[in-house]
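Spelled out, the chains give:
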Amino acid sequence: MKKSKYALIGSILILAMMLGQITTVRGTTYSCAGVVGAEAVWRVKTVHNGSLANIFGASPTWESAIQTSFGPDSHKVGARLKTVVASVNASEMMPTPIGFVELCLIYSDLWVWTTSDFASTPDINDTMTLIWMHPENLTLICQTTSGFTRNVSQVWAFPFLNALPVPAATYLSELIWDNDYSVSGTTVTHNLVAPYVGLGAVFLVDCTESWRYSNSYGTFLGYKLVHNNGTVAYETVIETAGGIPGFELPIVISVSMGIMISLIYVVMKKKR
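Attention here is on the structure that accompanies the text.

**Some details on helix α2 (residues 49-56)**
Next up, step 1: Taken together, the buried positions of α2 are occupied by Ser 51, Leu 52, Ile 55 and Phe 56. Seen end-on, α2 carries its buried residues on one side only, within an arc spanning 110°.

Listed below in structure tokens is the structure:
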């Protein structure tokens, strides 16, 4: 009986070490989490006209600035945009200015921003999202295209930050960002000093921008623009994200460790 008890404890400890190794591998090996049929809907949550006019200029300048960055009708509160993944090529070697690099290609059907119900058919078929699978390559392409005067930013990396490989938090931390950017987990923050030329817009006052991502799937979750007086000027949030199977690995590990600790407790209690 003693041998069987020790064997059980030994097996549990081996399983714990295996789970620890899985966590380590996940932290250094990136994968593309695109799933055919996955649906995502984003919604414009906040539009503060006064702050946006202060940041970009009086109407219609601020409306134009927002729509140039995010698309037609993205300046309206409650407007929604939908994508449904049509196909995924998880690993494609493609030529770039820095040589052949590995990319993930996700093709999606797109319903553009609207305050009405979505139509039964998409507005655009097979829009392509390119995901750079190795952070060092994305850093290098930003440096190369800027003449090695800049690192990663939303300006130089656009549109390659629309989705990320997983785990997204590790990927973001391994990119070399411009000095006015910072990363905390899966949130990228940009503290900009005016005047600043962004994506199709000129910021006239100091602001803070932030982008959020899902660590498990690399999905873009939302954008927030905050005026230097603390007012949220503009914000988009993800409303639904369906068709993505599975659980986050940390949750699985937590449950597994809880079971293991319970088993060890039971075995040791019986031994006493």
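From this point, the narrative continues.
**A short note on unusual backbone geometry**
Next up, step 1: The omega torsion across Ser 59 and Pro 60 is 10°, close enough to zero to call that bond cis.
Next up, step 2: By secondary structure assignment, the location of Pro 60 is in the loop between α2 and α3 (61-70).
Next up, step 3: The residue after Phe 158, namely Pro 159, is reached through a cis peptide bond having omega 0°.
Next up, step 4: Relative to the assigned elements, Pro 159 resides in the loop between α5 (154-157) and α6 (168-174).
Next up, step 5: Although it is not a glycine, Asp 73 adopts a positive phi angle of roughly 70°.
Next up, step 6: In this model, Asp 126 sits at a positive phi of 55°, which is unusual for a non-glycine residue.
Next up, step 7: For Asp 126, the position within the fold is in strand β4 (residues 124-132).

**Points about helix α4 (residues 135-145)**
Next up, step 1: Within the sequence span of α4, burial applies to Pro 135, Asn 137, Leu 138, Thr 139, Ile 141, Cys 142 and Gln 143.
Next up, step 2: One or two steps after α4, the chain reaches Gly 147, where phi turns positive at roughly 75°.

**A word on the nonpolar core**
Next up, step 1: Counting 48 residues, the largest nonpolar core has Leu 52, Phe 56, Leu 138 and Leu 225 as the members making the most contacts within it.
Next up, step 2: The element contributing the most residues to this core is strand β3 (residues 99-114), with five residues.
Next up, step 3: Among all residues touching Leu 52, those that are not within four sequence positions of it are Val 47, Gly 57, Trp 62, Ile 66, Leu 225, Ala 233 and Tyr 234.
Next up, step 4: Within the second largest apolar cluster, eight residues are counted, among which are Val 85, Ile 106, Ile 131 and Ala 163.

**Describing the environment of Asn 89**
Next up, step 1: Examined against the element boundaries, Asn 89 turns out to sit in strand β2 (residues 80-96).
Next up, step 2: Since its relative accessible area comes to 27%, Asn 89 is described here as partly exposed.
Next up, step 3: Asn 89 sits 16 residues away from Leu 105 along the chain, and the two C-alpha atoms are 5.0 Å apart.
Next up, step 4: With near-sequence residues (within four places) excluded, Asn 89 lies in contact with Leu 103, Cys 104 and Leu 105.

**Things to note about the pairing of strand β5 (residues 181-184)**
Next up, step 1: Here four bridges tie β5 to strand β6 (residues 187-192), and the two strands are oriented antiparallel to one another. Looking at β6, one finds that Tyr 181 is bridged to His 190.
Next up, step 2: In this antiparallel pair of consecutive strands, β5 and β6, the connection spans two residues, and Gly 185 shows a positive phi of 65°.

Basis of the calculations
Residues numbered from 1 in each chain as written. Predicted model: local features only at pLDDT ≥ 70, side-chain atom pairs only at ≥ 80, totals over all residues. Heavy atoms only, no water. Buried < 20%, exposed > 50% of the residue type's maximum accessible area, 1.4 Å probe, protein only. Helix = DSSP H or I, 4+ residues; strand = E, 2+ residues; numbered from the N terminus. Arc of directions from axis to C-beta. Core = buried A, V, L, I, M, F, W, Y, C linked by side-chain atoms within 4.5 Å. Contact = heavy atoms within 4.5 Å. Pairing = 2+ DSSP bridges.

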